[in-house]
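A structural walkthrough
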Amino acid sequence: MEAFELLAVGFGALADPARLGFMMLGVILGLLVGVLPGVGGTTGVAILLPVTVFLEPISALVMLAGIYWGSMYGGLITSILFAVPGNPWSVAVMFDGRPMAKQGKAQLAMSIGFTVSFVGAMIASILFTFFAVPFAEMALKFGPPEMFAVLMIAFGTFIGMGGAPAKALIMIAAGFLLSTVGLDVVTGQPRMTFGSIDMLQGFHFVPITIGLFGLGEVLNNAAERYKVQIEDLTKAAKLGLHDITESIRLIMKHWVLALSSALLGFITGILPGAGATPASFMAYGIAQKTSKHPEKFGHGAPEGVLAPEAANNAAGTGSILPMLVLGIPGSPTAAILMAGVFMWGFVPGPRLFTDQPEFVWSFIASLYLANVAAVVICLVATPLLAMMLRTPYAIMTPIIVVLCLVGAYAIQNSMLDVWLVVIFGILGFILRRLEYPLAPLVVALVLGAPTEDALRQSLIMSDGSPWIFLERPVSTPIAIVAILLFLLPLFQMLLRRFRRGSPEQAPGE
């Protein structure tokens, strides 16, 4: 009952017409950036984060949340109509969504995607509502050693479950290095400021994030000369009542797959560093392996649209839970949202639930309202959203660049932040070309200070002994999991060598 009462507080806070209006504005902007190839939800949230400085905290947070949820739906349109994913998490749905469009079933594919996205998001929102308070109460018992162990799991996830562990480790180290610039929180001594007064306050994470995800993405798209073949949008993008009813029938028929994909997505989203993209690919793979007709996948199977869309929207919701409860973002976009929470003067963590219940639960309430708004707008205005693709990229690019630079300057009225956007935009472009992941750097930059604080407090408690992390009943299992995640790539490499070596040894035995 406590969860229902707190959720009612959140809905009451959103009853303010101004806050509701900002949330709707966020959903519309999110749908637009989700439709535009090369922008995406993470970039959209990063670019528009500085705009929210001028809003009161609840309005700012629900507007950013609206951008996030809207972009989750928007990327589906370009993936199905043009085989151009607007977001990384929309790639998996393209495998069967695009073949369905070629078969003249684009309306049905989009209707399935929108409807099951809403279902997945609602399932995840309900789980979020009931698990948030128990998670927060459990986290309140954590001391510095437990928090450090949990933070190590966040970084270990990138290394143990990512595609390139060495590159992820390099990016995490770079993020930690950037987070140490400024004044030492314990001694008060300046670190790596090179005598600059401007650098005493350290690097603000917003300009760096805007540079990496905003300007870097623009440069990358310019290098690839992004072009989209426009088709007959009026026919391909118009949804009828028959398509909606047929999509609901298919979801009811495959309700076990929809439910399991949503649960998989929510659990994957909670894992720090995972997010919606791996959840969508895992759900697609499981749907194919468990299907009675796996040969249809890749050729227009409705289940190939249903599973990844249910998973990625549920994961997007789940990734917010560790951000609010533990101060650990579950995805790059959640890291940017957490940066906003810091910017508005709040500290993510279990105490946020007790100190600022209206702030937290209005955000949770926005999960429900923003998804309802997004699915209604998508079902009604898909042709208008698809028409955004007629905007020449040569016009869009300078607008995005100006937003990046102005947004960075607005944070602290500092030219240093503008230069940071330019420098990290170029670095982001280079790192993309070299296939280095950007998410570990951003997460390490945002979590660098709390990680250092937890480590130093733990060592002070133990008189410098690192064994404190393996001596406490709660921190010990968490620390062991973190160590195993860091060592997982090594175990996998040894296992591959063992398997390669076994057949070679057989003839000589």
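Residues numbered from 1 in each chain as written. Predicted model: local features only at pLDDT ≥ 70, side-chain atom pairs only at ≥ 80, totals over all residues. Heavy atoms only, no water.

Labelled according to an unreviewed UniProt entry, the protein chain appears under the name DUF112 domain-containing protein, originating from Candidatus Filomicrobium marinum.

This paragraph deals with the overall build of the protein chain. When you go through the protein chain residue by residue, the secondary structure sums to 22 helices and two strands. Out of the 509 residues in the protein chain, the part that is buried amounts to 55%. Residue pairs at least 24 apart in sequence account for 79% of intrachain contacts in the protein chain once pairs closer than 6 positions are excluded. (Helix = DSSP H or I, 4+ residues; strand = E, 2+ residues; numbered from the N terminus. Buried < 20%, exposed > 50% of the residue type's maximum accessible area, 1.4 Å probe, protein only. Contact = heavy atoms within 4.5 Å.)

This brings us to the environment of Gly214. Looking at where Gly214 falls in the secondary structure, it is placed in helix H9 (residues 205-224). Overall, the relative accessible area of 0% leaves Gly214 in the buried class. Taking the C-alpha atoms as reference points, Gly214 and Val45, 169 residues apart in sequence, are found 9.5 Å from one another. Sequence-distant contacts of Gly214, defined by excluding residues within four places in its chain, comprise Thr43, Ile47, Thr209 and Cys404.

It is worth spelling out the side chain of Ser414 at this point. Position of Ser414 relative to the elements: it lies in the loop between helix H19 (393-412) and helix H20 (415-433). Within the structure, the side chain of Ser414 is placed 3.2 Å from the backbone nitrogen of Leu416, a separation counted as a polar contact. (Polar contact = N/O pair within 3.5 Å; in protein donor to acceptor, adjacent residues only side chain to side chain.)

Turning to a nonpolar patch on the surface, a few remarks are in order. Taken together, the side chains of Leu219, Tyr409, Met415, Trp419, Ile423, Ile426, Leu427, Ile430 and Leu434 make up a nonpolar region of the molecular surface, amounting to roughly 830 Å² of accessible area. Ranked by the residues each element gives to the nonpolar patch, the list is headed by H20, at six residues. Looking at the element boundaries, Leu219 is found in helix H9. A relative accessible area of 32% places Leu219 in the partly exposed class. (Patch = residues over 30% accessible without salt bridge, like charges linked within 9 Å, V, L, I, M, F, W, Y side chains within 5 Å. Areas by Shrake-Rupley, 256 points an atom, 1.4 Å probe, with all protein chains shown as cover. Salt bridge = Lys/Arg side-chain N within 4 Å of Asp/Glu carboxyl O.)

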